[in-house]
Every structure is written in C-alpha cells, then in structure tokens.
Amino acid sequence: MPNDISQNNKRIAKNTIALYFRTFITMIVGLYTGRVMLQALGVDNYGINVAIGGIVGMTSLITGAMSGAISRFITVALGSGDLSRQRVVFSTSVNVQILLSLFVVLALEILGVWFLNVEAKIPEGRMTAANWVLQCGIITTVVGLLSSPYNAAIIAHEHMSVYAYMSIIDVMAKLGICFMVMAYNGDCLILFALLQMIVQMMMQCFYMIYCHRHFADVSYHIHRFDNSLFKEMTLFSGWSFMNHSAWVFSTQGVNMLINVFFGVAFNAARGIAITVNGAVQGFVGSFSMAFGPQLVKSYAVGDYEYVISLNNRGTKFIWFLMCLLAIPIIIEADTLLYLWLGDVPNYFSLFLRLTMIESLAVQSGALLLRLIQADGRMRTYSVRASLVIGSIFPLTWLWLYLGGPIWGVYIVSSVAFLMINVVRYISIRAMVPFSMRQHIKECLFPCVVVTTMSVIGALGISNIFNIMEQNILRFFIVVSSVILWTLFNIYLFGLSHREREFVKLKICDVILKIKS
C-alpha cells in the first residue's frame, strides 16, 4: 500500500508539472491574445462575441451534465481493468453525445436565434455579423460534444502531456487568428468566428485520432450501445442536471442579464475579467485535474482514508495557489489593465477585482465536488446545491431590476459559491467517514490564516509603493513582493510540520545541485 500511494503521488506530481507547463504558456499567450483580440475587434464586437457566447453556453444545461457523467463512467471503467466493458462504456458515451448534438442544434436554431434577434441588445447594423457568430458557435459546440468522450479518455488515462501540448497550440492558433483579423479589411467579427470554428474542429479531430491510436478501450461502434448503462448515465446526469442548470444560469444567464440591462460594453468588461480569470482558473484547475483521476480511482476501490487525505491536501493547496495569483491581481488590477490594454474604463478594474473574489469562492470546493461525483449518489446533493446556486439568477435579476449597481452581481454569486461548500460537506459526511474537525484543522484553518495575513501584508506593500507611477517597474516590485509575502505565510502558517520538512529537503537538494 505505501508503494502504491508513493506511485500515485509521483503520477500526480508528473501530471501536475505537465499541466502547469501547459497552463503557464497558455496563460501568457492567452492574456496577450486578449489584448490583441480587443484591439482587433473593438469594444462593441468584443462585447457581441461575449454576449453570444452566453447564448450558446446556455445549452450546457444539458450537455455539461451528461459530459460530466461520461467522464466519471469512463474513469471508473478504466479503473476496473475490464477492456470489453471499457469499450462498451466508450461507444455508449459517443452515441449519447450524438443524440445530444441533435438536441443542441434544434434548441439553438429556434430559441437561440429568437433571443439574439428579439431580446438581445446588439448595436445597430451588427445583427448580421451576430448571427454569423451564433451559427459558428453552434457548429463549434456540436464538435466539442462529439469529442467529449475522447477528451475524457485522455484525462482518465492521465496522458496530460498531449493535453498540455495541444492546449499550447490552441492558444497560439488563437493569437494567429487575432493578427489575421487585424489585417483584414472586411467584417472582422465574422472572420474571427469562422477561424475560431475551424481551429476548434482541427483540435478535436486530433484528439480523436490520438485516442484511437493510443488507447485500446477507445473503440467506437454505433451498435455497441448498452441500454442499462445509458439509463445509469441518464440517472447520474439527471441529478447533475439540476446542479449544472443552476450553474449555467449563474454564469451564462448572468451574462445575458448584463447584456439586457447594460449592453455590450459591459459584456466586454466582463469578458476581459473572464479572460484573466480563465488564465488563473486554468493554472489552478491543472492542479485539480491532476488530482481528479486518483481521487476517483481510489474511491472506486474503497481506499477512503487515502481519498480523504488527498482531498484535504488538495483543497488546501488549491486555495494557496489561488491566493498566490488572485491577491496580486486584486491589489494591482488598475496597473495590470493599464499595462495590458492601455486606457480602459474604470469599471474594467472593478469587474476584474470582483471576478477574482468570485473565483476564490468557486475554487474553494473544487475537489469536494469531484469526491461527490466519484461516489455517484447525486440526488440529495443536486437538490440542495441547485437551491443555493439556482438563487443567483433570480436574485441578480431582482437586484438589476430594482436599479442596483452592477457590482452587486458579484456579491450575490460569491456568497452563493461559498455557501455551496456547506452543502458539499453535509453530502460528503453521508458518503465517507469524513471528519469535519480534521478538515478544519488540516485545511480550513490554515487557509483562513494564510489569506488574512497575506491580504493585510499586500495592502501595506501596495500603500508603500503608491507614490510610484503606474509602470511596469512598480507592477513588478509590488507583485513580486506580494507573492513572496504570500509564500512566506503559506510556509509558516499553511504547511504542516511534515510538509515544511519536505520543502526544506527539496530546497537543499536544489542548492546542492547548483553548487555541484
């Protein structure tokens, strides 16, 4: 057993390094792409693209729940070691996605087109381009659905390196698209949508080819369909559907509300904030993704002690990583946006700060959700979670309808995302021998102390350097100081004695290698 745990930890570390290599490159290129994209499209076109993304994203009410179920069943089947069963699960998953694709096309061609042309606030003369973007979005969504089982297979087999390299190619292609759009004399938004669609189709085709060549269980046949498995997936995703629907309304639904109440300029501001947030969440999500397969496989074989230990450590480190990234961005949001995009409206920095706070709330329970999904008993959790997350959309609508300022949107969502963790704790305690006292001691208390000390110090550092102009030197000094201060607090207050000894040992190894 100790050897198995050691091998699992090494695999997690290896996958995390591969994913972080991907995330670091994609984060840098992605942020630069965001700048070029805003320059190439302009605020209105950028806002239109974000608003239509919200419309297309609403289809994940159905697709997201089923994709999550497929990922879970493929991972569990792989852990069983039964090749014939794995192939049945994979083929059934692809067939399910084909059926969902037909539903998505019908829903978007009817309801999506109606909302865009009747309810959405689109600048005069841009409706034709907006419809082009919608149609390209529909095709891209269908391609993504059909390739979802293949992506799940890559993650289940823990081949994170190919995922990392292709993600780098993806962001580089998007950067190339932006430069092509800047050089184009026609309708930039239409060209942007078409090129984005082509890139995504090529990416997903590669994933399909890779899986067929490297994984024996990835073998599709249209007649290989297990009705009982389909029912099991439907039941699992049915309960996930409630939770996922609430999630989609709280994100894409809120995007649509912002468009209806404020217009595409504020969609653009939210889009910029989401771009930064996507880079941050991608960086942290790589850590969570590397933990996921081990969490599910260990749960499947009943190793609950290791599952709980992995969950506590993973949740703590995810929060620390979020603090390392989010706190400097919150403190230096104005300077970051100025250096990144130039002169932008003041509400851009407000959106960015609030999005980072919301992101902290979201990531705080990422592994808790994976643990619940590994168990598969979703009914009670889904009902409770849906009530909490589902309140975001109506409360946001009411707030905006009554004339509340736009920052209230983020306050509502952040509180709800924190409250959902209470629901997750209750659900987990009914599934495994989960000690809340142990979780508070090993995870929550260190997180609170590290965050409090880091924020206080970061505010002090920012005030010291306020006399300097907004330039890259000030940004580098403040951000570096805040990161070092946060690392100091993580080491002093966040790590256990055993974890600190491990860090010391690794630092000594690095120093010895440098000297030799």
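A. Expanded view of the nonpolar core. One finds Leu-41, Tyr-46, Ile-52, Leu-116, Val-181 and Ile-272 to be the most contacted residues of the largest nonpolar core, which totals 144 residues. The contact partners of Val-181, leaving out residues within four places of it in the chain, are Ala-40, Leu-41, Cys-188, Leu-191 and Phe-192.

B. Spatial organisation of the side chain of Ser-364. Secondary-structure assignment places Ser-364 in the loop between helix 11 (346–363) and helix 12 (366–375). Looking at Ser-364, the relative accessible area reads 11%, which means it is buried. Engagement of the side chain of Ser-364 in a polar contact is seen with the side chain of Asn-421, the distance being 2.7 Å. For Ser-364, the contacting residues outside a window of four places in its chain are Thr-315, Trp-319, Leu-418 and Asn-421.

C. Helix 14 (residues 392–401), seen in detail. Residues of helix 14 that are buried: Ile-392, Thr-396 and Leu-400. Buried residues of helix 14 fall within an arc of 55° about the axis and therefore sit on the same side. Among the residues trailing helix 14, Gly-403 stands out with phi positive, at a value near 90°.

D. Spotlight on the packing of helix 3 (residues 83–119) against helix 4 (residues 127–156). Between helix 3 and helix 4, whose axes approach to 8 Å, the crossing angle comes to 165°. Relative to helix 4, the element helix 3 is oriented roughly antiparallel. The element helix 3 and its partner helix 4 pack so that their crossing is right-handed. Looking at the contact of helix 3 with helix 4 residue by residue, the class counts come to 18 nonpolar, nine polar and one charged.

E. Inspection of the packing of aromatic side chains at higher detail. For the structure on display, the rule yields 12 aromatic pairs. Taking the centre distance of 4.9 Å and the plane angle of 15° together, the rings of Trp-397 and Tyr-401 count as stacked. A residue pair is termed a helical-turn pair when its members lie 3 or 4 positions apart in one helix, as Trp-397 and Tyr-401 do in helix 14 at four residues. Judged by relative accessible area, which is 55%, Tyr-401 ranks as exposed. Counting every residue linked through ring pairs, the aromatic cluster contains Phe-206, Tyr-207, Tyr-210 and Phe-215.

What counts, and at which threshold
- Residues numbered from 1 in each chain as written.
- Predicted model: local features only at pLDDT ≥ 70, side-chain atom pairs only at ≥ 80, totals over all residues.
- Heavy atoms only, no water.
- Core = buried A, V, L, I, M, F, W, Y, C linked by side-chain atoms within 4.5 Å.
- Buried < 20%, exposed > 50% of the residue type's maximum accessible area, 1.4 Å probe, protein only.
- Contact = heavy atoms within 4.5 Å.
- Helix = DSSP H or I, 4+ residues; strand = E, 2+ residues; numbered from the N terminus.
- Polar contact = N/O pair within 3.5 Å; in protein donor to acceptor, adjacent residues only side chain to side chain.
- Arc of directions from axis to C-beta.
- Axes fitted to C-alpha atoms, helices over the stretch in contact; angles between N-to-C directions.
- Parallel < 35°, antiparallel > 145°, perpendicular 65-115°, else oblique.
- Left-handed = near helix turned anticlockwise from the far one by under 90°.
- Nonpolar A, V, L, I, M, F, W, Y, C, P; charged D, E, K, R; others polar.
- Phe/Tyr/Trp six-rings, centres within 6.5 Å; stacked < 30°, edge-to-face > 60°.

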